[in-house]
Amino acid sequence: MVRIAVRDDLKALEGYHSPQVSVRVRLNTNESPTAPPAAWHDAFASELSRLEWHRYPDRAATELRAAIAALHGVDPSQVFAANGSNEVLQTLLLTYAGPGRTIATFEPTYQLHAHIARLTGATVVEGERRGDFTLDLGEVRRVCESFDPVVTFLCSPNNPTGLVEPEANVRAVMDMATGLVVVDEAYGQFADWSALDLIDEETPLVVTRTFSKTWSMAGARLGYLVGPSWLVAELDKVILPYHLDAAKQIAGRLALRFVDDMEARVQLIVSERDRIQSAFDNMALHYWPSGANFVLFRPRTRSGRDTWQALVEHSVLVRDCSSWPRLENCLRVTVGTPEENNAFLYALQEVLS
Ligand code: PMP
C-alpha cells in the first residue's frame, strides 16, 4: 500500500480530540442541556416542507445575515456566517494567516485558534497568561512588539477557564495589536459585557459567536462573526460557494425569533452554575469562578485523570483537561439540567470523599 506523505508542516500536528464515552450524564462539550422551543420546531418543519431541494441555497444567506444583523443592530454587510464558529475562525485564518505570517494566542485558551492557524501554515506565538489565568498586558505588549502578529486572539468568556475578559483588557489589546483582533464570544451571552459594542468600520476587530451554545443548536453547525464590512467582503471571497445549506439558513433565521427563550435558558444555566460553584466551595477542590456555562476545577485529593475515570464509572462524563499544557489535573464540567448537575455533584462527592 502506498501512503502519500502529508505536508511537512503537518507531520507533527495532533488532531483535535474530544473523547465521547457512552454515559448517562454528558457534561463534556459545553452544549445547551435543553432543546430549542417547540414553536421553533414547528416553524422549522413548516418552512422545511416548502424547501426547493433541487435548487442551490441562497449563496449570500441574505435573510439569515439580515436577521443576525438586526439582532446586533449592525449592517448585514458586517455579518459573516459559516458552519459553526469553527468554520468562521478557519475562514478568517485562511484569509489572514498562512505561511510567513504570525498569529498570537494567550494560553490557556480555546485550542482551535492555534490549531487552525497551524493548519494554514502560519507561525503561532503562544503568550502566557498569569498563574490565575488572567490576561497579563505586559505579556501582550511583549508578544505584539516582538512578533507583530497579523491576528491576535482573545476569548471571552475564555474556554476552558470560564474567565470573562474585562473591557479594559480588550481595549488595551486593541491598542497594542498591530493586526486584527479576534474576540471569540462563543459563550458571549453569559458575560456582563460584549466586545460587539466596539465594532465599527474603522477598527480591525471582529467578534465571533455561535448557535451551538445558548441557542441550543449545536446540531445545526452554525456560527458567525460581526466585523467591518471590508473584512467580511474578503471572507466572502475565501469561503466555498453555497457553504451554508438551505435548511441551516432557515434553522438559524427562525432561532432568532426566540430571543426570550434563549435568555431564559441562559438565566437558568447561570443559576445552576452558581449552585455548582457553591457546592464546590464545600469540596476538596479548587475552581475558577466562571462567567460561562462550564466550570474548570482541580481536585485536591485525587489526580485529575483518576477523578475523570471515577466519574465515568458513575456514568458522568466531564472534559479531561488534565494532560493539556498549563492545566495539570484540571477537569471542566458543562452546566447541565438541574437533574444532570445533581447527578454530577453526587458522583463527585462520592469520588472525592
Ligand atoms: N469557540 C469556542 C471558545 C468554543 O468553545 C467553541 C466550541 N467548543 C467554538 C468556538 C466552536 O463552536 P462551533 O463551531 O460549534 O460554533
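A brief structural summary. For clarity, every value in this text was computed on a predicted model and none was experimentally measured.

### A closer look at the site of the ligand
- Inspection of the region around the ligand gives 13 residues, with Ser85, Tyr187, Thr210, Ser212 and Arg221 positioned closest.
- In the environment of the ligand, an oxygen atom lies 2.6 Å from a nitrogen or oxygen atom belonging to the backbone of Ser85.
- With the chains in place, 92% of the 400 Å² that the ligand exposes on its own is no longer accessible.
- Per element, the largest residue contribution to the shell around the ligand is three residues, and it comes from helix α3 (residues 84-96).
- The residue makeup of the shell around the ligand, split by class, is four nonpolar, six polar and three charged.

### Things to note about the state of the cysteines
- Summed over all chains, the structure comprises zero disulfides.
- Here Cys321 stays free of any disulfide, with the sulfur of Cys330 as its closest cysteine sulfur at 6.8 Å.

### Some details on helix α6 (residues 167-176)
- Buried within α6 we find Asn169, Val170, Ala172, Val173 and Met176. All buried residues of α6 fall inside an arc of 160° around its axis, so they share one side. For α6, the exposed residues set more than 90 degrees away from the buried face come down to Ala168 and Asp175.
- Against α5 (137-147), β5 (151-155) and β6 (180-184) lie the buried residues of α6.

### Describing the sheet that holds β5
- Spatially, β2-β8-β7-β6-β5-β3-β4 is the arrangement adopted by the seven strands of the open sheet, whose pairing is mixed. A single partner strand is all that each edge strand has here, and the edge strands are β2 (79-82) and β4 (123-128). Each neighbouring strand pair of the sheet contributes to a mean axis angle of 25°, computed without reference to strand direction.
- Taken together, the four bridges between strand β7 (residues 205-210) and strand β8 (residues 223-226) define a ladder with antiparallel strand orientation. Directly across from Thr210, in β8, lies its bridge partner Gly223.

### Examining the nonpolar core
- Residues Phe211, Phe280, Phe297, Phe344 and Leu348 are the most contacted members of the largest nonpolar core, which totals 81 residues.
- Looking at this core element by element, the count peaks at seven residues for helix α11 (residues 338-352).
- Residue-level mapping places this core at the junction of two domains, with at least three residues from each of domain 1 (8-30 + 260-352) and domain 2 (55-257).
- The contact partners of Leu348, leaving out residues within four places of it in the chain, are Phe280, Met283, Leu285, Phe297, Thr307 and Leu311.
- If you look at the next biggest cluster of nonpolar residues, it comprises 28 residues, including Tyr110, Val124, Val151 and Val206.

Conventions we followed
Residues numbered from 1 in each chain as written. Predicted model: local features only at pLDDT ≥ 70, side-chain atom pairs only at ≥ 80, totals over all residues. Heavy atoms only, no water. Near = heavy atom within 4 Å. Polar contact = N/O pair within 3.5 Å; in protein donor to acceptor, adjacent residues only side chain to side chain. Areas by Shrake-Rupley, 256 points an atom, 1.4 Å probe, with all protein chains shown as cover. Helix = DSSP H or I, 4+ residues; strand = E, 2+ residues; numbered from the N terminus. Nonpolar A, V, L, I, M, F, W, Y, C, P; charged D, E, K, R; others polar. Disulfide = S-S within 2.5 Å. Buried < 20%, exposed > 50% of the residue type's maximum accessible area, 1.4 Å probe, protein only. Arc of directions from axis to C-beta. Contact = heavy atoms within 4.5 Å. Pairing = 2+ DSSP bridges. Axes fitted to C-alpha atoms, helices over the stretch in contact; angles between N-to-C directions. Core = buried A, V, L, I, M, F, W, Y, C linked by side-chain atoms within 4.5 Å. Domains from an automatic or database assignment.

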